[in-house]
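Spelled out, the chains give:
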Amino acid sequence: MSADNADADPPDSALAAHPETAYFWGHVAGAGELSDSCVTVETGDEAAADRLAAIAGGERTDHRVREREYAHDTSVTRREDAYTVQVFGDLAGRAAAAFGLPISGEAGGYRLDPLAVHDRQLLRGVVESCGTVCFKSSSGTVGLSVVHGDRALLDAVGSLLDGAPVDAPYGEPAEASSGYYFSVEDDAVPELGAWLYEGSEASGLFAPSRRRKLRRSLEEAEGVDATLAVEP
């Protein structure tokens with residue numbers, strides 16, 4: 001486990017084990033695509049897009065507003081921003097070999113162990129890219145699910161949660177309209193969320209809109225002591 005540190009030296013390469021690269025590849029694993037000559041990742045947060053581009057030496061190549069289906073109910077959609085970041089060159093092939101990420105339609109094994117020393121930032125990237133957070137008014141709790149088209153990624157995320165320093169039990173992966181999902185038990189979400197974003201203000205490794213959504217959901221929840229720092 002590693003803490004966010006604003007004074008940390010930048011990574012030697014985009015494949016080095018480092019908080020910044022762990023956050024970047026967490027986003028790529030959750031909402032990215034690798035081809036022979038390009039790493040492409042999408043995010044709904046403009047600040048996160050700029051940070052991802054800076055980490056890997058890429059560029060923000062597109063911005064559009066899209067209709068997105070809810071993971072558990074495809075009859076309901078919402079409009080949201082989508083920012084595309086691309087890194088051109090041989091990084092995609094090297095990342096596929098290093099981390100077992102799928103490339104050009106070929107399945108991957110998601111061998112994320114080289115980045116697991118920075119599990120907080122890696123999981124933060126995954127949760128921001130393919131996680132859903134919601135306040136459940138019926139129970140006064142906060143829900144957190146991870147949704148992805150490749151069940152192998154959910155298995156890898158589950159292993160990371162198993163090794164986290166906070167207790168984060170989760171259910172078995174189940175089929176969803178957009179692939180597969182599992183949910184962290186509601187009682188565990190406040191502590192997990194607080195741990196995920198601890199120190200993020202110092203490093204800047206976070207999507208402000210996603211952190212804000214989690215913070216507001218925790219504030220609405222009943223009997224929750226865990227809190228997130230309020231960004232300026």
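Conventions we followed
- Along each chain, residue indices are assigned from 1 in the same order as the chain's sequence is written.
- Where local features are concerned, this predicted model is filtered to residues with pLDDT of at least 70; where side-chain atom pairs are given and counted, the filter is 80 or more; whole-chain, interface and lining totals use all residues.
- Hydrogens and waters are ignored; side-chain quantities use all the structure's heavy atoms.
- Secondary structure counts use DSSP, requiring at least four H or I residues in a row for a helix and at least two E residues in a row for a strand, with both numbered from the N terminus.
- Partly exposed describes any residue whose relative accessible area lies between the buried limit of under 20% and the exposed limit of over 50%, with all areas from a 1.4 Å probe on protein chains only and scaled to the type maximum.
- Each pair of aromatic rings taken from Phe, Tyr and Trp, with Trp reduced to its six-membered ring, is defined by centres within 6.5 Å and is described as stacked if the planes are under 30 degrees apart, edge-to-face if over 60, and tilted in the remaining cases.
- Only buried residues count toward a nonpolar core, which is a set of Ala, Val, Leu, Ile, Met, Phe, Trp, Tyr and Cys residues joined through side-chain atoms within 4.5 Å.
- We call two residues contacting when some pair of their heavy atoms lies within 4.5 Å.
- Pairing between two strands is assigned when DSSP locates at least 2 bridges connecting them.
- When a carboxyl oxygen of Asp or Glu lies within 4 Å of a side-chain nitrogen of Lys or Arg, that pair is called a salt bridge.
- What makes a patch is a set of residues exposed beyond 30% relative accessible area and free of salt bridges, joined within 9 Å when like-charged and within 5 Å when nonpolar (Val, Leu, Ile, Met, Phe, Trp, Tyr).
- Residue exposure ignores everything except the shown protein chains as possible cover, and the areas themselves are Shrake-Rupley values with a 1.4 Å probe.
- Just so you know, the count uses Lys and Arg for positive and Asp and Glu for negative, and it drops His and the chain ends.
- The location of each charge is read from NZ of Lys, CZ of Arg, CG of Asp or CD of Glu.
- For a helix, the expected span equals 1.5 Å multiplied by the number of residues minus one.
- N or O atoms closer than or at 3.5 Å make up a polar contact, with two conditions inside protein: a donor-capable atom paired with an acceptor-capable one, and, for residues adjacent in sequence, both atoms drawn from side chains.
- All axes are obtained by fitting lines to C-alpha atoms, using only the stretch in contact for helices, and the reported angles, taken between N-to-C directions, cover 0 to 180 degrees.
- Working definition: roughly parallel below 35 degrees, roughly antiparallel above 145 degrees, roughly perpendicular at 65 to 115 degrees, and oblique for all remaining angles.
- It is the rotation of the near helix from the far one that decides the hand of a crossing: anticlockwise by less than a right angle makes it left-handed, clockwise makes it right-handed.
- For this scheme, ten residues count as nonpolar: Ala, Val, Leu, Ile, Met, Phe, Trp, Tyr, Cys and Pro. Four count as charged, namely Asp, Glu, Lys and Arg, and the remainder, Gly too, count as polar.

K.L.:
How would you explain the overall build of the protein chain if you had to name every residue and give the values?
P.N.:
Within the protein chain one finds eight helices and eight strands. Residue burial in the protein chain is summarised as follows: out of 232 residues, 50% are buried.

K.L.:
Help me get a handle on the packing of aromatic side chains, residues and values and all.
P.N.:
Per the stated rule, a full pass over the model turns up three aromatic pairs. Where Trp25 meets Phe99, the ring centres are 5.7 Å apart and the plane angle is 55°; that geometry is what we call tilted. Here Trp25, found in helix H1 (residues 19–31), pairs with Phe99, found in helix H3 (residues 91–99); they are 74 residues apart in sequence, far enough to count as distant. Across this residue pair, the class does not change: Trp25 and Phe99 are buried. For the ring pair Tyr170 and Phe182, a centre distance of 4.8 Å and an interplane angle of 35° mean the geometry is tilted.

K.L.:
I'd like to hear about the nonpolar core, residue by residue, with values.
P.N.:
Judged by nonpolar contacts, the single largest core of 62 residues is most densely connected at Phe24, Trp25, Leu34, Val39 and Leu101. Ignoring sequence-local partners within four residues, the contact set of Val39 consists of Phe24, Trp25, Val28, Glu33, Leu34, Val85, Gln86, Val87, Leu91 and Ala92.

K.L.:
So what's going on with the pairing of strand E1 (residues 32–35)? Which residues, and what values?
P.N.:
Sheet faces and side chains relate simply in a regular strand, where the side chains alternate between the two faces. Sheet topology note: the E1/strand E2 (residues 38–43) ladder contains four bridges and is antiparallel. Bridge pairing in E2 links Glu33 to Thr40. Following E1, the chain reverses through two residues before pairing antiparallel with E2.

K.L.:
Lay out the environment of Val65 with the relevant residues and their values.
P.N.:
As for its placement among the helices and strands, Val65 is situated in strand E3 (residues 59–70). Separated by 15 residues in sequence, Val65 and Glu80 place their C-alpha atoms 5.5 Å apart.

K.L.:
Can you lay out the environment of Gly57 for me, pointing to particular residues and giving the numbers?
P.N.:
Structurally, Gly57 is set in the loop between helix H2 (46–56) and E3. In the structure, Gly57 is positioned 30 residues away from Val87 in sequence and 6.7 Å away in space, judged by C-alpha atoms.

K.L.:
Talk me through the pattern of salt bridges; I want residue IDs and the actual numbers.
P.N.:
A side chain of one charge can pair with a side chain of the opposite charge if their charged atoms are brought near each other. In the structure shown here, the tally under the stated rule is 10 salt bridges. Glu198 is the partner of Arg120 in a salt bridge, and the nearest nitrogen-oxygen pair spans 3.5 Å. One end of the pair, Arg120, is in helix H4 (residues 119–130); the other, Glu198, is in the loop between helix H6 (189–197) and helix H7 (200–203), and 78 residues separate them in sequence. Overall, Arg120 belongs to the buried group, its relative accessible area being 4%.

K.L.:
Any details on a negative patch on the surface? Residues and values, ideally.
P.N.:
Side chains of Asp167, Glu185, Asp187 and Glu191 sit close together on the surface and give a patch of like negative charge. By the secondary structure assignment, Glu191 is in helix H6. Overall, the relative accessible area of 46% leaves Glu191 in the partly exposed class.

K.L.:
Any chance you could break down helix H5 (residues 151–162) for me, citing the residues and the numbers?
P.N.:
Because each turn of an α-helix spans 3.6 residues, side chains separated by three or four positions end up pointing in the same direction. Taking 1.5 Å per residue, 12 residues should reach 16 Å; H5 reaches 17 Å between its end C-alpha atoms and fits that length. Its buried side turned inward, H5 meets H1, H4, strand E6 (141–148), strand E8 (179–184) and H6. Two or three places before Ala152, at the start of H5, stands the capping residue Asp150, its side-chain oxygen 3.0 Å from that residue's backbone nitrogen.

K.L.:
Describe in detail the sheet that holds strand E5 (residues 131–136), supporting the description with residues and values.
P.N.:
Sheet strands pair via backbone hydrogen bonds, and the direction of the pair is either parallel or antiparallel. As summarised here, the arrangement of the four strands in space is E5-E6-E8-E7, forming an open sheet in which the pairing is antiparallel. Unpaired on one side and paired on the other, E5 and strand E7 (174–176) mark the two borders of the sheet. Pairwise comparison of adjacent strand axes, ignoring direction, gives a mean angle of 35° for this sheet. Inspection of the sheet shows E7 paired to E8 by three bridges, in the antiparallel sense. Paired with Glu175 across the bridge in E8 is Tyr180. Each of E5 and E6 touches helix H8 (residues 208–220); the most contacted strand, E5, lies at about 25° to it.

K.L.:
So, the pairing of E2: which residues are in play, and what are the values?
P.N.:
In terms of residue burial, E2 counts as a mostly covered element, since six of its six residues are buried. On E2, burial covers both faces: Cys38, Thr40 and Glu42 on one face and Val39, Val41 and Thr43 on the other are all buried.

K.L.:
Describe the packing of H4 against H6, and please don't skip the residues or the numbers.
P.N.:
Remark: H4 packs on H6, axes separated minimally by 9 Å, with the N-to-C direction vectors making an angle of 110°. If you check the angle between H4 and H6, you find them roughly perpendicular. Note that H4 runs across H6; the crossing there is left-handed. Contact residues: H4 offers Asp119, Arg120, Leu123, Arg124, Val127 and Glu128, while H6 offers Trp195, Leu196 and Tyr197. In terms of residue class, the contact of H4 with H6 is made up of five nonpolar, no polar and four charged.

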